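Understanding the architecture of this molecule
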Amino acid sequence: MTLSRENTVFQLDPMTDIRWSDFVARHPRSTVFHTREWLLALHATYGYKPVVLTTSSGELADGVVFCRVRSWLTGNRLVSLPFSDHCQPLADGVDLQTILRSLRDQYHKVSCRYLEIRPVSNESMVDNLVGFGISEDFTLHTIDLRPSLEEIYRTFHDSCIRRKIKKAERENLTLETGNSEGLLRKFQHLLLLTRRRHKLPPQPSAWFTNLARYLGNNLNIHLLSKDGVPAASILTIEHKNSLTYKYGCSDAQFHNLGCMPLLFWKTIQLAKQLGMEQFDLGRSSGDDPGLIAFKGHLGAKASELRYYRNPVPDRKKRSLQPNMQWARNTLACLPDPVLVGAGRLLYRHLG
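Below you will find a few notes about this structure.

**A short note on the pattern of salt bridges**
Tallying each qualifying case throughout the model produces 15 salt bridges. Residue Glu-116 pairs with Arg-309 through a salt bridge whose shortest N-O separation is 2.7 Å. Separated by 193 residues along the polypeptide, Glu-116 in strand S6 (residues 114-117) and Arg-309 in strand S13 (residues 301-310) bring together distant segments of the chain. Residue Glu-116 shares its accessibility class with Arg-309, and that shared class is buried. Residue Lys-186 pairs with Glu-176 through a salt bridge whose shortest N-O separation is 3.3 Å. Here the residue Lys-186 occupies a position in helix H7 (residues 181-197), and Glu-176 occupies one in strand S8 (residues 174-178), the gap between them amounting to 10 residues. The class of Lys-186 is partly exposed, set by a relative accessible area of 30%.

Next comes the structure, spelled out in structure tokens:
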């Protein structure tokens, strides 16, 4: 691929340049969200073209990956990365500052509203974010998988997790794990039920098809059924020594069985067998205290996860936006085919 250069910063296509995959494989802070496979799924589903900026002209020593999101509904912007819980810039110090300056120039040139990065915050990295301000706050939960299974189990909340696991184990539930088309269909059925329950449209089916296509055996659907009926499911992705939980869904009629606690416990056991050292449970919004509490009851460590934008957003103005509950109530009344269609239309603009 032909490289372009501007102020000592090079541009490359991470979907075709093998150097990016090699760099991600060896970088200690890379996650599944940096991988070529994740980027290919984003591109195939939503049309976002990923680009990497780096100060390296040969073998890569640093890089920041982003996508340009074009939308007449929500505005054009540069995001690192859309639909990714976090995406740590794989650069430090002067190199990071140089890349970020180039990115700021980029969004001015292509008439974007803003540039957003989603780092797993650390003080040394945040110190380099000159001209950026916090746009959103989340909680990130992770489970250390290096202790023994017995030690991990003891960190579970007694009544909220351990007791429910014991109950679920008495229910003769069937566990399936894999990435077959059949499991994907069952997962999407539960996802539709869950998103409807939350008054939200489901993610496009093409998104999950493309994730399964490009991630292959690194993606697994874990599904519990009761008497042949799907009850609960989670989708996880492996990358090096880390397992990432990305999506979860369930049928409310089976909530009293304790399916989700058992499902996470079985997944942790499998992760230990595979030699995983960390279980990334993803981000949780402050307006979902139930999810934050559930992850905490699993013994997960909580940390701040902040997204940053340039130019600095007016968070006070953002908080005064009109209540959208009416829209969610309308979505909840739509028949399944219309709700699914709404998801296909909306997610292209959300990023």
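**Considerations on the packing of helix H6 (residues 158-169) against helix H9 (residues 259-273)**
Axis separation between H6 and H9 bottoms out at 8 Å; the angle between their running directions is 90°. The angle between H6 and H9 places the two elements in the roughly perpendicular class. Taking contact as the criterion, the partners of Cys-160, Ile-161, Lys-164, Ile-165, Ala-168 and Glu-169 in H6 are, on H9, Pro-261, Leu-262 and Trp-265. Considered class by class, the residues forming the contact of H6 with H9 number seven nonpolar, no polar and two charged.

**A word on the nonpolar core**
Ranked by size, the top nonpolar core spans 39 residues in total, and within it Trp-20, Leu-42, Trp-207, Phe-208 and Leu-211 carry the most contacts. Listed by contribution, the elements that provide at least two residues to this core are helix H1 (18-26), helix H2 (36-46), strand S4 (64-69), H7, helix H8 (205-215), strand S9 (219-226), strand S10 (229-239) and strand S11 (242-250). Excluding residues that lie within four positions of it along the chain, Phe-208 makes contacts with Leu-184, Phe-187, Gln-188, Leu-191, Gln-203, Leu-235 and Tyr-247. Ranked by size, the runner-up nonpolar core spans 30 residues in total, among them Ile-143, Tyr-153, Ile-161 and Ala-168.

**So, the environment of Phe-132**
Locating Phe-132 in the fold gives a position in the loop between helix H4 (123-126) and strand S7 (133-144). Assessed through its relative accessible area of 10%, Phe-132 is described here as buried. Here the alpha-carbon distance between Phe-132 and Glu-116, two residues 16 residues apart in the chain, equals 8.6 Å. When residues no more than four places from it in sequence are discounted, the contact partners of Phe-132 are Leu-100, Arg-104, Leu-115, Ile-117, Tyr-308, Arg-309, Asn-310 and Val-312.

**Comments concerning the side chain of Glu-171**
When you line up the elements, Glu-171 lands in the loop between H6 and S8. Excluding residues within four positions of it along the chain, Glu-171 makes contact with Lys-226 and Leu-257.

About the cut-offs
Residues numbered from 1 in each chain as written. Predicted model: local features only at pLDDT ≥ 70, side-chain atom pairs only at ≥ 80, totals over all residues. Heavy atoms only, no water. Salt bridge = Lys/Arg side-chain N within 4 Å of Asp/Glu carboxyl O. Helix = DSSP H or I, 4+ residues; strand = E, 2+ residues; numbered from the N terminus. Buried < 20%, exposed > 50% of the residue type's maximum accessible area, 1.4 Å probe, protein only. Axes fitted to C-alpha atoms, helices over the stretch in contact; angles between N-to-C directions. Parallel < 35°, antiparallel > 145°, perpendicular 65-115°, else oblique. Contact = heavy atoms within 4.5 Å. Nonpolar A, V, L, I, M, F, W, Y, C, P; charged D, E, K, R; others polar. Core = buried A, V, L, I, M, F, W, Y, C linked by side-chain atoms within 4.5 Å.

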